[in-house]
Amino acid sequence: MRVVTTAQPLDVQPTPLALLLLGREADPKSERGVECPGDLPSPSDPDLVARARAAKEKLGDKVFILGHHYQRDEVIEFADVTGDSFKLARDAAAKPEAEYIVFCGVHFMAESADILTTDAQKVVLPDLAAGCSMADMATAEQVAECWDTLTEAGIAEVTVPVSYMNSSADIKAFTGKHGGTICTSSNAKKALDWAFEQGEKVLFLPDQHLGRNTAVRDMGMSLDDCVVYNPHKPNGGLTAEQLRGAKMILWRGHCSVHGRFSLDSVNDVRERIPGVNVLVHPECKHEVVAAADYVGSTEYIIKTLEAAPAGSKWAIGTELNLVKRLANRFAGEDKEVVFLDKTVCFCSTMNRIDLPHLVWTLESLAEGTLVNQIQVDKETESFAKLALERMLALP
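Residues numbered from 1 in each chain as written. Predicted model: local features only at pLDDT ≥ 70, side-chain atom pairs only at ≥ 80, totals over all residues. Heavy atoms only, no water.

**Focus: the sheet that holds strand S8 (residues 226-229)**
Then comes step 1: Taken together, five strands build an open sheet; the order of strands is S6-S5-S7-S9-S8 and the sheet is parallel. Across the chains shown, the open sheet's two edge strands, defined by having one partner strand only, are strand S6 (181-183) and S8. Taking the axes of each pair of neighbouring strands and ignoring which way they run, one obtains an average angle of 25° across the sheet.
Then comes step 2: Note that strand S5 (residues 159-164) and S6 share three bridges and pair parallel. For Tyr164, the partnering residue across the bridge sits in S6 and is Cys183.
Then comes step 3: Relative to S5, helix H7 (residues 169-177) is tilted by about 150°, and along the sheet it contacts S5, S6 and strand S7 (201-205). (Pairing = 2+ DSSP bridges. Helix = DSSP H or I, 4+ residues; strand = E, 2+ residues; numbered from the N terminus. Axes fitted to C-alpha atoms, helices over the stretch in contact; angles between N-to-C directions. Contact = heavy atoms within 4.5 Å.)

**Overview of the packing of aromatic side chains**
Then comes step 1: According to the stated counting rule, one finds four aromatic pairs in the structure shown.
Then comes step 2: With centroids separated by 5.6 Å and ring planes inclined at 80°, the aromatic side chains of Trp147 and Phe174 adopt a geometry described as edge-to-face. Note that Trp147 is positioned in helix H6 (residues 140-152) and Phe174 in helix H7, a separation of 27 residues in sequence. Grouping residues by exposure puts Trp147 and Phe174 together as buried.
Then comes step 3: Ring centres of Tyr229 and Trp251 lie 5.3 Å apart, and the angle between their planes is 25°; this geometry places the pair in the stacked category. One end of the pair, Tyr229, is in strand S8; the other, Trp251, is in strand S9 (residues 248-251), with 22 residues separating them in the sequence.
Then comes step 4: Relative accessible area serves as the criterion here: at 0%, Trp251 is assigned to the buried category. (Phe/Tyr/Trp six-rings, centres within 6.5 Å; stacked < 30°, edge-to-face > 60°. Buried < 20%, exposed > 50% of the residue type's maximum accessible area, 1.4 Å probe, protein only.)

What follows is the structure in structure tokens.
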């Protein structure tokens, strides 16, 4: 082996891509920013908790902190309310006196909060790089091209878009503009029932698994009623005949966390823990949902464990921060809660919101400096709000 030594530091210039990956530059063509102006506190700063408390106390009623269920415990500690994305957006709208809404979640959630809150309120995301891989799998340009394909196939007029809450404001606006509605994992069946009263087909965005599971498991459709539109292929990789024959046109998107669970995960945990109840999120693959004992949203998962008898055993197929929190919470009630898979599976983008980012955000606001504001333009907001209002009107 040849060893090269030098008395002088190597003159190596990082490439633009390397700088972007290191978080030291921004890509102007990217939908999400990755820069944080100013310096973040050190993650090892022993005073972070005290600094967060002091800044929050200084802000008082001017700030309202929302914490998604998948956030780290260190962040949840400072949340005024916790919940899933839509619950938190509604909580923000119900707090008009708060000048600052600090959303500890991901980008599309903060957008929804901005859409539903007043113009006087400012929604802040502690790290602009906290995006959502699923939401980013459907861009406005791709969906517009898809609609053109449906138009050419002669089915656009009988197709109703239904978009999952986990989508960008642009996709929600497209949905509102084309007569569709938004859904959550809790009310997807209601949204689809409504959509099929309006038209013959549904374009479901952007999570194929929630759309397929709801259609097949909850509405009695067959897998043959569903086709998957791939935005990276001409005409979505589908023929006009396939589009005309389908009831559910599913966008080729998925959750990077829930998509990791497999049928092997279910079979393995049943072998390891006799009598275990398998409880999974409907964003999981169809074969995982079909093999589970219970299926439901994060709120459903929490309520199911709350109602579970002492001594029961549960394997949960959802994000690890939530599963760990539930395991600790119910350990004292003699309920065994384990993660469904052997592989650790955090939501990497959700985990970008950490205590240093939260401290930096709160201290900046306390000093009168507005940072990382999320603003949806008025036209997009108008159509996105229309789609959300249709959801709120569902029975």
